[in-house]
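Structural overview for review
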Amino acid sequence: MASGRVDLDGNPIKPITICMIGAGGFIGSHLCDKLMNETPHKVLAVDVYNDKIKHLLEPSGSGELPWADRIQFHRLNIKNDSRLEGLIKMADITINLAAICTPADYNTRPLDTIYSNFIDALPVVKYCSENGKRLIHFSTCEVYGKTIGCFLPKDSPLRQDPAYYVLKEDASPCIFGSIEKQRWSYACAKQLVERLIYAEGAENGLEFTIVRPFNWIGPRMDFIPGIDGPSEGVPRVLACFSNNLLRREPLKLVDGGQSQRTFVYIKDAIEAVLLMIENPARANSQIFNVGNPNNEVTVRQLAEMMTQVYSKVSGESSLETPTIDVSSKEFYGEGYDDSDKRIPDMTIINRQLGWNPKTSLWDLLESTLTYQHRTYAEAIKKAISKPVAS
Ligand SMILES: NC(=O)c1ccc[n+]([C@@H]2O[C@H](COP(=O)([O-])OP(=O)(O)OC[C@H]3O[C@@H](n4cnc5c(N)ncnc54)[C@H](O)[C@@H]3O)[C@@H](O)[C@H]2O)c1
Ligand SMILES: O=c1ccn([C@@H]2O[C@H](COP(=O)(O)OP(=O)(O)O[C@H]3OC[C@@H](O)[C@H](O)[C@H]3O)[C@@H](O)[C@H]2O)c(=O)[nH]1
């Protein structure tokens, strides 16, 4: 397994210790799986929750898990815990995933969003810089905001020109809406942390990599309202649509579902992160788009495809009216705005790490919805059949 592993330049990979902040979330749980199953590295897993990595921490039967001495869970809130610096010092590299990152929060809890994505990231950057530790920081594709193309007249032929919509790390501008469009509180906070990290690199020699995920999706993403999350909660689109399908409700298309996204399978994306961890000379001082430009759909097309795939994996027929339109104000409240289109340019990650995504949208939805059905269908049936308390 671990022995004989080499990096992209043919050098042997030495086992390292990773301080992973936000390890209990969607991306963190898949990264922990990969590191435990396929590498010799140690993980100091930091989070306030650990439900999504329980299978790595506690054996389900008798006997020890094979990686028991390579993963430790530290339940702490990085907002206010003095143990953080010690953990960063103990590790060779820190990966920061912690964030509020669900759009329903950006306009309704803008202060929490800004504090989580900007203020809470500051000590992590500072401790890495002061202690000479490498940092992989998770930013977002939302730092690009809207495309230049969306400001062109609707019938302009330039809208078809990739120069007006493909998002490039070292060339595209960051275009956000006005301040009262509080949707952009998240993107703006993330952008400022990127600038801070970049400046720490330039002025103080911080070794950093910034990751801009483009809609990574797969099992364990967010929560299903009323089952493993609050009934009134609004998760990201994969979980919203999964919840609708599981409950046999129409999928809600915000403002007609015209926005476009590219979706990448979490397992493909995690391979890119592992390449960054194990190839510091190629990944340091880089900002990487990580997405799948071949998997572009409108949200409406995503809804249609998920409906078809869910019918196949569950054996249930689709509803006669599978989708309904809803205004963004009704769905998200005042201050919502949207990214129109998100196609990542892949030149830099290709050149530095030789990484390419592999999984088609259909295939990734098939494995993800199989998981959603297996994990939640029974619990939803029970919840629906329970009489509502008066
Ligand atoms: N999933 C995507 O497609 C995507 C896209 C763009 C950016 N990102 C970024 O990637 C990172 C991880 O995203 P995710 O999808 O895994 O989200 P997630 O919400 O599943 O995971 C974030 C984790 O951080 C933890 N956390 C938050 N605040 C904390 C605190 N103060 N102290 C300790 N732990 C804390 C949460 O408990 C959670 O487990 C985030 O920074 C997000 O902005 C993700
Ligand atoms: O039920 C729903 C949920 C969402 N949507 C729409 O689906 C699209 C995608 O919504 P998501 O909830 O996945 O979130 P977005 O892609 O807008 O943002 C995400 O992008 C990258 C990360 O930084 C974050 O994880 C998040 O901000 C949006 O246009 C949204 O309006 C629906 O039409 N119906």
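Definitions and limits used
- Residues numbered from 1 in each chain as written.
- Chains lettered and ligands numbered in written order.
- Predicted model: local features only at pLDDT ≥ 70, side-chain atom pairs only at ≥ 80, totals over all residues.
- Heavy atoms only, no water.
- UniProt positions renumbered as here; feature names shortened; annotations may be inferred.
- Near = heavy atom within 4 Å.
- Polar contact = N/O pair within 3.5 Å; in protein donor to acceptor, adjacent residues only side chain to side chain.
- Areas by Shrake-Rupley, 256 points an atom, 1.4 Å probe, with all protein chains shown as cover.
- Helix = DSSP H or I, 4+ residues; strand = E, 2+ residues; numbered from the N terminus.
- Nonpolar A, V, L, I, M, F, W, Y, C, P; charged D, E, K, R; others polar.
- Patch = residues over 30% accessible without salt bridge, like charges linked within 9 Å, V, L, I, M, F, W, Y side chains within 5 Å.
- Salt bridge = Lys/Arg side-chain N within 4 Å of Asp/Glu carboxyl O.
- Pairing = 2+ DSSP bridges.
- Axes fitted to C-alpha atoms, helices over the stretch in contact; angles between N-to-C directions.
- Contact = heavy atoms within 4.5 Å.
- Buried < 20%, exposed > 50% of the residue type's maximum accessible area, 1.4 Å probe, protein only.
- Core = buried A, V, L, I, M, F, W, Y, C linked by side-chain atoms within 4.5 Å.

Where an unreviewed UniProt entry is consulted, the protein appears under the name UDP-glucuronate decarboxylase, with the organism given as Abeliophyllum distichum. You can read under Cofactor (unreviewed entry) in the UniProt record for the protein the words "NAD(+)". Quoted verbatim from the Sequence similarities (unreviewed entry) field of UniProt, the annotation for the protein is "Belongs to the NAD(P)-dependent epimerase/dehydratase family."

Taken together, 24 residues are adjacent to ligand 2, and Y106, T140, E142, Y186 and D338 come closest. Between Y106 and ligand 2, the recorded distance is 2.6 Å, taken from a side-chain N or O atom to an oxygen atom. Computed on the free molecule, ligand 2 has an accessible area of 670 Å², of which 96% lies beneath the protein chains in the complex. Of all the secondary structure elements, the ones that give two or more residues to the shell around ligand 2 are α4 (103–108), α8 (237–246), β9 (251–254) and α12 (328–332). Residues of the shell around ligand 2, tallied by class, amount to 14 nonpolar, three polar and seven charged.

Moving on, we come to the site of ligand 1. In the vicinity of ligand 1, 25 residues are found, and the nearest of them are I27, D47, N77, Y186 and W216. With respect to ligand 1, the side chain of D47 contributes an N or O atom lying 2.6 Å from an oxygen atom. With respect to ligand 1, the backbone of W216 contributes an N or O atom lying 2.8 Å from an oxygen atom. Protein chains bury 89% of the 830 Å² of accessible surface belonging to ligand 1 in isolation. Listing elements by their share of the shell around ligand 1, those giving two or more residues are α1 (26–38) and α7 (185–204). Of the residues contributing to the shell around ligand 1, the split by class is 15 nonpolar, seven polar and three charged.

Under the UniProt annotation, "domain: NAD-dependent epimerase/dehydratase" (unreviewed entry) lies at residues 18–291. With 35% helix and 18% strand, residues 18–291 has its two end C-alpha atoms placed 24 Å apart.

Taken together, L111, I114, Y115 and I119 make up a surface patch of nonpolar side chains, about 370 Å² in accessible area. Relative to the helices and strands, L111 is located in helix α5 (residues 110–117).

Taken together, seven strands build an open sheet; the order of strands is β3-β2-β1-β4-β5-β7-β12 and the sheet is parallel. Only two strands of the sheet have a single neighbouring strand rather than two, namely β3 (71–75) and β12 (286–290). Across the sheet, the axes of successive neighbouring strands diverge by a mean angle of 15°, strand direction being ignored. Note that strand β4 (residues 93–96) and strand β5 (residues 134–138) share four bridges and pair parallel. For T94, the partnering residue across the bridge sits in β5 and is L135. Across the sheet, helix α3 (residues 83–90) lies against β1 (17–21), β2 (42–47), β3 and β4, angled at about 145° from β1, the strand it touches most.

What follows deals with the side chain of T298. Take T298: it is sitting in strand β13 (residues 296–298). We classify T298 as buried; its relative accessible area is 16%. If we skip the residues at most four places from it in the chain, T298 touches G257, Q258, S259 and Q260.

Core analysis: the largest hydrophobic core is formed by 67 residues, its most contacted members being M20, W216, M276, V290 and L365. Examining the composition of this core, we find that eight residues originate from one element, helix α9 (residues 266–278), more than from any other. In this structure, M20 is in contact with G28, L31, C32, L35, V43, L44, A45, V46, I95 and L97, ignoring residues within four places of it in sequence. Formed by 24 residues, the second largest nonpolar core is a distinct cluster that contains F118, V193, F208 and I287.

Moving on: the environment of T321. If you trace the backbone, T321 turns up in the loop between α11 (299–314) and β14 (323–326). For T321, a relative accessible area of 49% puts it in the partly exposed group. Sequence-wise, T321 and E249 are 72 residues apart; in three dimensions their C-alpha atoms are separated by 9.0 Å.

A word on the side chain of S314. With respect to the element layout, S314 can be found in helix α11. Overall, S314 belongs to the buried group, its relative accessible area being 16%. Reaching out from S314, the side chain makes a polar contact with the backbone oxygen of Y310 at a distance of 2.7 Å. From its side chain, S314 meets the backbone nitrogen of E316 in a polar contact 3.1 Å long.

In terms of residue burial, β12 counts as a mostly covered element, since five of its five residues are buried. Judged by which residues are buried, β12 turns out to be covered on both faces: Q286, F288 and V290 on one side and I287 and N289 on the other are all buried. Across five bridges, strand β7 (residues 208–213) lies against β12 in parallel orientation. Of the residues in β12, the one forming a bridge with I210 is I287.

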